[in-house]
Amino acid sequence: ARSIAAAAVDRGERGVTRLHRRQTAPLRWEGVDVREYKQEGSAPFRDVTRQVLFADPALASELRCFEVAPAGHTTLERHAHVHAVIVAHGRGRCLVGERIFTVAPFDLVEVPALTWHQFRADDDAPLGFLCMVNAARDRPQLPDAEAIARLCADPAVAAFIRA
Ligand code: MN
């Protein structure tokens, strides 16, 4: 006989751990809400969505999925917490520190602590990526004029960043 808990899981009831979520479309999963990346106006970004895939308090980390629409970009920011990123869909580029990388599915990107970073989708393709992060984390810092000037000392970085 199947347990009540197992039956509840199958029905996808609220508050019960989902053991398996089928992918329903590229970067979409059963029961996972597609949310705003950040509150509009809180930081510069363009055409980004956020999904929380795993956030179990028993793990000290969260796994999120971000999707940047063609020509969109995440916020140029830095923070004490680190990111472990796996590109999952599309193509684009990212800035990590003072370097710009082209990225494609299954590339790995590490963002160290207090390192400026930004992801941009190509103009003609989206960019989706999975991002593992500490569950408890500091607020991202935005660059001030001095930080922007320092980044723009490199013409390639100056041409890349969106702030
Ligand atoms: Mn970040």
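These figures come from a predicted structure and were not determined experimentally.

Undergrad: Quick one: what's the story with the overall build of the chain, residue by residue and with numbers?
TA: Helices and strands together make up the secondary structure of the chain, namely 3 helices and 11 strands. Sequence-ordered secondary structure for the chain, helices as α and strands as β, is α-β-β-β-β-β-β-β-β-β-β-β-α-α. For the chain, with 163 residues in total, the buried portion stands at 35%. The long-range fraction of contacts in the chain, counting pairs at least 24 apart against all pairs at least 6 apart in sequence, stands at 63%. With an accessible surface of roughly 9,800 Å², the chain has 53% of that area assigned to carbon and sulfur atoms.

Undergrad: Could you give an account of the packing of aromatic side chains, with specific residues and numbers?
TA: Taken as a whole and assessed by the stated rule, the structure comprises 4 aromatic pairs. Seen from their ring centres, Tyr37 and Phe45 are 5.1 Å apart, and the 75 degrees between their planes marks the pair as edge-to-face. Both rings, one in Phe119 and one in Phe129, keep their centres 4.4 Å apart while their planes meet at 25 degrees; by these two values the pair is stacked. In this pair, Phe119 sits in strand S10 (residues 117-121) while Phe129 sits in strand S11 (residues 127-134), placing the two residues 10 residues apart along the sequence. One aromatic cluster is present, formed by Tyr37, Phe45, Phe66, Phe119 and Phe129 through successive ring pairs. In this structure, Arg120 is placed above the aromatic ring of Phe160, and the distance from its NZ or CZ to the ring centre is 5.1 Å.

Undergrad: Now, about a nonpolar patch on the surface: what can you tell me, with residues and values included?
TA: Residues Ile86, Phe106 and Leu108 make up a contiguous nonpolar surface patch of roughly 370 Å² in combined accessible area. Structurally, Ile86 can be placed in strand S6 (residues 83-90). On the accessibility criterion, Ile86 (37% relative accessible area) is partly exposed.

Undergrad: Before we move on, can you summarise the environment of Pro143 with the specific residues and values?
TA: Topologically, Pro143 is positioned in the loop between S11 and helix H2 (145-151). The buried category is assigned to Pro143, whose relative accessible area is 18%. Remark: the alpha-carbon pair of Pro143 and Trp116, spanning 27 residues in sequence, is separated by 8.3 Å. With residues near it in sequence (within four places) discarded, Pro143 still touches Leu76, Trp116 and Ile148.

Undergrad: Describe in detail the pairing of S11, supporting the description with residues and values.
TA: For S11, the tally of buried residues reaches 6 of 8 residues, placing the bulk of the element in the interior. Where strand S5 (residues 61-73) meets S11, 8 bridges bridge the pair, whose relative direction is antiparallel. Bridging across to S11, Ser61 finds its partner in Asn134. By the bridge criterion, 6 bridges tie S6 to S11 in an arrangement that is antiparallel. Counted as the bridge partner of Val85 is Cys131 from S11.

Undergrad: An account of the coordination of the manganese ion is needed here, citing residue identities and associated values.
TA: At 2.0 to 2.3 Å from the manganese ion lie its protein donor atoms, namely Glu77 (OE), His79 (NE2), His83 (NE2) and His117 (NE2). On the primary sequence, the residues serving as donors to the manganese ion are separated as E-x1-H-x3-H-x33-H. Pair noted here: His83 is in strand S6 and His117 is in strand S10, with a separation of 34 residues, a long-range link. With a relative accessible area of 9%, His83 lands in the buried category.

Conventions we followed
Residues numbered from 1 in each chain as written. Predicted model: local features only at pLDDT ≥ 70, side-chain atom pairs only at ≥ 80, totals over all residues. Heavy atoms only, no water. Helix = DSSP H or I, 4+ residues; strand = E, 2+ residues; numbered from the N terminus. Buried < 20%, exposed > 50% of the residue type's maximum accessible area, 1.4 Å probe, protein only. Contact = heavy atoms within 4.5 Å. Areas by Shrake-Rupley, 256 points an atom, 1.4 Å probe, with all protein chains shown as cover. Phe/Tyr/Trp six-rings, centres within 6.5 Å; stacked < 30°, edge-to-face > 60°. Lys NZ or Arg CZ within 6 Å of the ring centre and 35° of its normal. Patch = residues over 30% accessible without salt bridge, like charges linked within 9 Å, V, L, I, M, F, W, Y side chains within 5 Å. Salt bridge = Lys/Arg side-chain N within 4 Å of Asp/Glu carboxyl O. Pairing = 2+ DSSP bridges. Donors = N, O, S within 2.8 Å, 3.2 Å for Na, K, Ca; no water.

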